[in-house]
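Topology and contacts: notes
Listed below are the residues making up each chain.
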Amino acid sequence: MVALSTERIRAGLTTDFMGRNLVYLPEVGSTNDKARELAGAGAPEGTLVIADHQTAGRGRLGRRWEAPFGAGLLMSLVFRPTLGPHQMQWLTMICGLAVVDSVESETGLQAALKWPNDVVVGGAKAGGILTEFELGGVQPDSQVDWAVVGIGLNVNLDPSQLPGDLLVPATSLSQVLGRQVARLPLLWAFLEALEARYLVLESGHSPHQEWAERLVTLDRPVTVSTSDRVLEGVAEGVDANGALLVRLANGGLETVVAGDVTLRVQD
Ligand code: BT5
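This section reports on the structure supplied with the text. Everything quoted here is computed from the prediction, not taken from an experiment.

Thresholds, definitions, all that
Residues numbered from 1 in each chain as written. Predicted model: local features only at pLDDT ≥ 70, side-chain atom pairs only at ≥ 80, totals over all residues. Heavy atoms only, no water. Axes fitted to C-alpha atoms, helices over the stretch in contact; angles between N-to-C directions. Helix = DSSP H or I, 4+ residues; strand = E, 2+ residues; numbered from the N terminus. Parallel < 35°, antiparallel > 145°, perpendicular 65-115°, else oblique. Left-handed = near helix turned anticlockwise from the far one by under 90°. Contact = heavy atoms within 4.5 Å. Salt bridge = Lys/Arg side-chain N within 4 Å of Asp/Glu carboxyl O. Buried < 20%, exposed > 50% of the residue type's maximum accessible area, 1.4 Å probe, protein only. Pairing = 2+ DSSP bridges. Core = buried A, V, L, I, M, F, W, Y, C linked by side-chain atoms within 4.5 Å.

A look at the packing of helix H3 (residues 89-107) against helix H5 (residues 183-202)
Running from N to C, H3 and H5 cross one another at 140°; their axes reach a closest spacing of 8 Å. Judged by the angle between their axes, H3 and H5 are oblique. Between H3 and H5 the crossing geometry is right-handed. Touching Trp-90, Leu-91, Ile-94, Cys-95, Leu-97, Ala-98, Val-99, Asp-101, Ser-102, Val-103, Ser-105 and Glu-106 of H3 are Pro-185, Leu-186, Ala-189, Phe-190, Ala-193, Leu-194, Arg-197, Tyr-198 and Leu-201, all from H5.

Here is the structure:
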């Protein structure tokens, strides 16, 4: 494994702005925290913070994201989108789709997404996305000032090196492929795909339809855990802002904005 470096990353960048303002750190607490700090201080759109190791990598709800040094892509991007706070899942959507694009083009593997923020390869979790944002004003419907999207992707990682209490089974690209995968071409392809998708989003087109088509979660019996309840039903679809629509056994339809989904084996 060769560590990343600013020079090596720059050498193959094909984008106009995504990743052009680049901060590479061999080790950091969390790339999201570093990117938030930079965003708050005025960092331009497309700023990329990328590390070979995180000592305090985060998932949602204070969970940990673990990965050995150099085993994956651990990065965060700064956006200044013309979106409201209820549309922040759109950024998660384009980042997930860009991961899928790059995994498929660089490895030939089929990749999919699992609601709300997992990247799935070979039926297990190979990556996760964490979107955080700051509002420009105090009203709940204020425009977003900046958003930071963090992406963790297991590239050359042996899942047995991860803690044993994972929420869902983990995998990596190398585990599914049976060989090591070069991280830089994957990163360059990801940033190129993301830039293209972001430009489409900013021109007013929702990524919702394409994202929904990539979700392994839909039309399946699911158990959904939210902060205050557990629902069982069939994941019927996702609404325009990315909330999951769950049809309950009693015929009712529940809209779930945030939670964790387990696919249930049909009996
Ligand atoms: C996520 O959260 O899946 C979002 C993870 C985002 C991580 C990136 S890395 C770069 C950037 N900087 C950060 O600090 N974070 C972002 P969630 O859906 O809450 O899932 C978290 C759960 O995934 C943990 O509780 C574990 O069960 C599991 N997990 C931890 N490390 C993993 C790994 N390497 N592969 C698969 N699962 C993992």
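Past the structure itself, the notes keep going.
A few points about the pattern of salt bridges
As enumerated under the stated definition, the model contains 16 salt bridges in all. For Asp-52, the salt bridge goes to Arg-183, with nearest N and O atoms at 2.7 Å. You can see Asp-52 sitting in strand E2 (residues 48-54) and its partner Arg-183 sitting in helix H5, a full 131 residues away along the chain. Here the two residues Asp-52 and Arg-183 agree in accessibility, since each one is buried.

With respect to the sheet that holds strand E11 (residues 253-256)
Note on sheets: strands pair through backbone hydrogen bonds, and any given pair is parallel or antiparallel. Taken in spatial order, the 5 strands of this open sheet run E11-E10-E9-E8-E12, and their pairing is antiparallel. At either end of the open sheet lies a strand with only one pairing partner, and these are E11 and strand E12 (260-263). This sheet shows a mean twist of 45° between the axes of neighbouring strands, independent of strand direction. The pairing of strand E8 (residues 221-225) with strand E9 (residues 230-238) spans 5 bridges and is antiparallel. In the strand pairing of E9, Val-222 is matched with Gly-233.

Re the nonpolar core
Counting 63 residues, the largest nonpolar core has Ile-50, Phe-79 and Leu-244 as the members making the most contacts within it. Other than its neighbours up to four places away in sequence, Phe-79 contacts Met-18, Glu-45, Leu-91, Cys-95, Asp-145, Trp-146, Ala-147, Val-149, Leu-194 and Tyr-198.

Geometric descriptors of this kind do not, in isolation, establish any biological role.
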